[in-house]
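Read off the chains here:
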Amino acid sequence: MSAHPDLDAAWASFFAEADRARTRRIADLFDDSDRAVHFSARALGMLFDYSKTHIDGAAREALLGLARAARVELMRDAMFSGARINGSEDRAVLHTALRNLSGVPVMLDGEDVMPGVLDTLEQMKAFACDIRAGRFKGQGGAITDVVNVGIGGSDLGPAMATRALTPFHDGPRCHFVSNVDSADLADVLGGLDPATTLVIIASKTFTTIETMTNAASILNWMSVHVADPAAQCVALSSATDRVAEFGIPPERVFGFEDWVGGRYSVWGPIGLSLMIAIGPKDFTEFLAGGAAMDTHFRTASLADNLPVLLALVGLWHHQGMSFQTRAVLPYEHRLARLPAYLQQLEMESNGKRVGQGGQSLPHGSGPIVWGEPGTNGQHAFFQLLHQGTEIVPCEFMIGAEGYEPDLAHHHRLLVANCLAQSEALMTGRSLSDAREIAASLGFSGDKLMAQAEQRVFEGNRPSTTLAYPRLTPRVLGQILALYEHRVFVEGVILGLNSFDQWGVELGKDLAKRLEPLVAGKAPPEDMNQSTGLLAAYLRAPK
């Protein structure tokens, strides 16, 4: 007998409902005149509409039953209470403490972590204010530009959020370097003044090879023009000894604990570049938005809980309906980097083949996540979304208002496109309608049928829409926390650890072994002949 009979039964019910759903059309579910109300949820001024999916009442009950059987609420409470739910690394998961502005105690091994969190936040605020007010200067005057050097979560989070909140920028210009490709560094540094540039080096261990290579090159670039490059550097790291070797004094080192994973770190010191760009007040609003979503996640019933519903819809599509990917489609140009941010959040967290105990996952792991802002995507890959042989669930996002009142007609067109795409994916176009269109264009006979067939849209393609008032710092905080908790819920139900990332290690280890080969030294004895062939080609003079 299984050790988890209730969970096994819940999965069986889930799959039974998914099998029944394969034969129905989403549009037919709207025979219920109240479906849109019954299959949507509101919280914190946002609306999540999942009515354009194959989920009916019985399927939703099966999904909620799955969440209960997987003990989502118990695991949620364990995370917030400081339990070491990251089993493979024996760590707590407390990034939510970084946005706990109330200061309510958060206990870890009998100690309250909040005094340290709030003290670091105040240090960040003081430093950001000094930069923004010109009190902290470069060796050529007030700081005009900030370069954040990091990779992964130390880059994606602040880079995405800084772009998203462009209307709130009133501080120095912020730039981001992540790729060890020299082109990234050269393109960012070109045109900057080393004497008025602040460099933020973001690496928890201060050993990340890409980050430290880029940081060393930036210091060399600065040293040509300033006497003391380290005087214009900040470290976001807990490795104080290694930071000291760079000549960065303790007062410009902002550390964070091992219970903050990289892809969850934008709420703390890793968000310093964002705070400098938008100011401590708006950064606090960003934190408040995340904290508000935390409260909603902890207190709302499963049936009304936005992160839970978003997770259940994701499981329905991937595990239930066997759709292999999901497209994140923000109709918000300033969220251009959000799909990449969510790609890391989802795929690094839930892209695992085994569960917490090392056993193979019985129901697979997370899906492939990708996307692009609308309306650009409509003129790129939407062809496949509408008429391709692979069905891709779409997750639309749209704000009710933009920030350019004199261009309000642009925003109306944006909203109309977003709503039209989800409607078109669901309803499609019949052959009879396509025939009428082809006939109106003057086609007849065999050509008419050929033209008509190419204009048929099968429809019945699912989507969800997250609508919000306007993209403010608070709303962005809500959205990011919403997706963090969505990933957590999916991971709990799948039985995996969402907070380690062993999959990034192997390639890094091999790169270290192969670097001497690329430099022309003897290859490792176990090197594959293909790798040797490629290395020889790339090393040879051209």
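Residues numbered from 1 in each chain as written. Predicted model: local features only at pLDDT ≥ 70, side-chain atom pairs only at ≥ 80, totals over all residues. Heavy atoms only, no water.

This paragraph deals with the overall build of the protein chain. Counting its regular elements, the protein chain contains 21 helices and 15 strands. With the C-alpha coordinates of the protein chain rotated into their principal frame, the extents come out at 80 × 65 × 60 Å. Within the protein chain, counting contacts between residues at least 6 apart in sequence, those at least 24 apart form 74% of the total. Working note: accessible area of the protein chain is about 24100 Å², and carbon and sulfur atoms make up 54% of it. When the 46 basic and 62 acidic side-chain charges of the protein chain are each reduced to a single mean position, those positions are 3 Å apart. (Helix = DSSP H or I, 4+ residues; strand = E, 2+ residues; numbered from the N terminus. Contact = heavy atoms within 4.5 Å. Areas by Shrake-Rupley, 256 points an atom, 1.4 Å probe, with all protein chains shown as cover. Lys, Arg positive; Asp, Glu negative; His and termini not counted. Charge placed at Lys NZ, Arg CZ, Asp CG, Glu CD.)

Following the criterion strictly, the structure yields 24 salt bridges and no others. A salt bridge links Arg135 to Asp130; the nearest nitrogen and oxygen atoms lie 2.8 Å apart. Looking at Arg135, the relative accessible area reads 57%, which means it is exposed. Between Lys352 and Asp500 there is a salt bridge whose closest N-O contact spans 2.8 Å. Here Lys352, found in the loop between α14 (338–350) and β13 (368–371), pairs with Asp500, found in the loop between α19 (473–494) and α20 (505–518); they are 148 residues apart in sequence, far enough to count as distant. Since its relative accessible area comes to 6%, Asp500 is described here as buried. Linked through salt bridges whose partners overlap, the residues forming this network are Arg326, Glu346, Glu395, Arg486 and Glu490. (Salt bridge = Lys/Arg side-chain N within 4 Å of Asp/Glu carboxyl O. Buried < 20%, exposed > 50% of the residue type's maximum accessible area, 1.4 Å probe, protein only.)

A few words now on the environment of Thr295. On the secondary structure map, Thr295 appears in helix α12 (residues 280–299). Between the C-alpha atom of Thr295 and that of Asn100, which follows or precedes it by 195 residues, the distance is 10.0 Å.

So, about the pairing of strand β10 (residues 233–236). Neither face of β10 is left uncovered, since the one carrying Cys233 and Ala235 and the one carrying Val234 and Leu236 both have all their residues buried. The sheet contact formed by strand β9 (residues 197–202) and β10 spans four bridges and is parallel. Opposite Ile200, over in β10, you have Val234 as the bridge partner. Considered for its hand, the β-α-β crossover made up of β9, helix α9 (residues 209–223) and β10 is right-handed. In the sheet, β10 pairs with strand β11 (residues 253–254) via two bridges, with the strands oriented parallel. Residue Leu236 lies in a different strand from β11, and its bridge partner there is Phe254. (Pairing = 2+ DSSP bridges. Right-handed = clockwise from strand over helix to strand, strands pointing away.)

On to helix α7 (residues 153–164), then. Taking 1.5 Å as the rise per residue, α7 with twelve residues should run 16 Å; its terminal C-alpha atoms sit 16 Å apart, in good agreement. For α7, the buried fraction is high: eleven of the twelve residues fall into the buried class. Among the residues of α7, Gly153, Ser154, Asp155, Leu156, Gly157, Pro158, Ala159, Met160, Ala161, Thr162 and Ala164 are the ones counted as buried. Looking at the buried positions of α7, the neighbouring elements they touch are β7 (145–149), β8 (173–177), β9, α11 (272–278), α14 and α19. (Expected span 1.5 Å × (residues − 1).)

Within the secondary structure, Asn305 is located in the loop between α12 and α13 (306–320). The spacing of Asn305 and Ala43 is 262 residues in sequence and 8.2 Å in space, taken between C-alpha atoms. Residue contacts for Asn305: discarding those within four places in its chain leaves Arg76, His296, Phe297 and Ala300. A distance of 3.0 Å separates the side chain of Asn305 from the backbone oxygen of Phe297, its partner in a polar contact. (Polar contact = N/O pair within 3.5 Å; in protein donor to acceptor, adjacent residues only side chain to side chain.)

Evaluated as defined, the whole model comprises 19 aromatic pairs. Here the aromatic rings of Phe80 and Phe297 are separated by 6.4 Å at their centres, their planes lie at 50°, and the arrangement is tilted. Within this pair, whereas Phe80 is found in helix α5 (residues 72–80), its partner Phe297 is found in helix α12, the two being separated by 217 residues in sequence. Summarising the burial analysis for this pair, Phe80 and Phe297 share the class buried. Seen from their ring centres, Trp370 and Phe381 are 4.8 Å apart, and the 70° between their planes marks the pair as edge-to-face. (Phe/Tyr/Trp six-rings, centres within 6.5 Å; stacked < 30°, edge-to-face > 60°.)

On to the side chain of Arg461, then. Position of Arg461 among the secondary structure elements: in the loop between α18 (445–454) and β15 (463–468). At 3.0 Å, the side chain of Arg461 and the backbone oxygen of Leu385 are in polar contact. There is a polar contact of 2.8 Å between the side chain of Arg461 and the backbone oxygen of Gly388. Excluding residues that lie within four positions of it along the chain, Arg461 makes contacts with Ile26, Leu384, Leu385, His386, Gln387, Gly388, Glu390, Ile391, Leu425 and Met426.

Now for the sheet that holds β7. Strand pairing in a sheet relies on backbone hydrogen bonds. The paired strands run either parallel or antiparallel. Here five strands make up an open sheet; going across it, the order is β8-β7-β9-β10-β11 and the pairing parallel. Of all strands in the sheet, those with a lone pairing partner are β8 and β11, marking the two edges. As paired strands, β7 and β9 are joined by five bridges and run parallel to one another. In the strand pairing of β9, Val149 is matched with Ile201. Contacts from α9 reach β7, β8, β9 and β10 within the one sheet, and its direction differs from that of β9 by about 160°. (Axes fitted to C-alpha atoms, helices over the stretch in contact; angles between N-to-C directions.)

Attention shifts here to the pairing of β13. Pairing geometry for strand β12 (residues 325–331) and β13, over four bridges, is parallel. Counted as the bridge partner of Val328 is Gly371 from β13. The parallel pair β12 and β13 is bridged by α14, and the resulting crossover is right-handed.

This part covers α19. Every α-helix carries 3.6 residues per turn, so stepping three or four residues along brings you back to the same face. End to end, α19 covers 32 Å across 22 residues, agreeing with the expected 32 Å (1.5 Å per residue, within 8%). Counting buried positions along α19 gives 21 out of 22 residues, so the element sits mostly inside the fold.

A word on the sheet that holds β13. The strand order across the open sheet built from six strands is β1-β2-β15-β14-β12-β13, with neighbouring strands paired in mixed fashion. Each of the sheet's edge strands pairs with one partner strand only, and the pair in question is β1 (40–43) and β13. Strand-to-strand twist across the sheet, computed as the mean angle between neighbouring axes with direction ignored, equals 15°. Here β12 pairs with strand β14 (residues 394–399) via five bridges, running parallel. From the neighbouring strand, Val328 faces β14, where its bridge partner is Glu395.

Here the focus is the nonpolar core. In summary, soluble globular proteins display a tendency toward joint burial of nonpolar side chains. Ranked by internal contacts, the top residues of the largest apolar core, which has 115 residues, are Leu198, Trp259, Leu476 and Ile493. A per-element tally of this core places α19 first, with 13 residues. Ranked by size, the runner-up nonpolar core spans 23 residues in total, among them Val149, Ala195, Ala215 and Met222. (Core = buried A, V, L, I, M, F, W, Y, C linked by side-chain atoms within 4.5 Å.)

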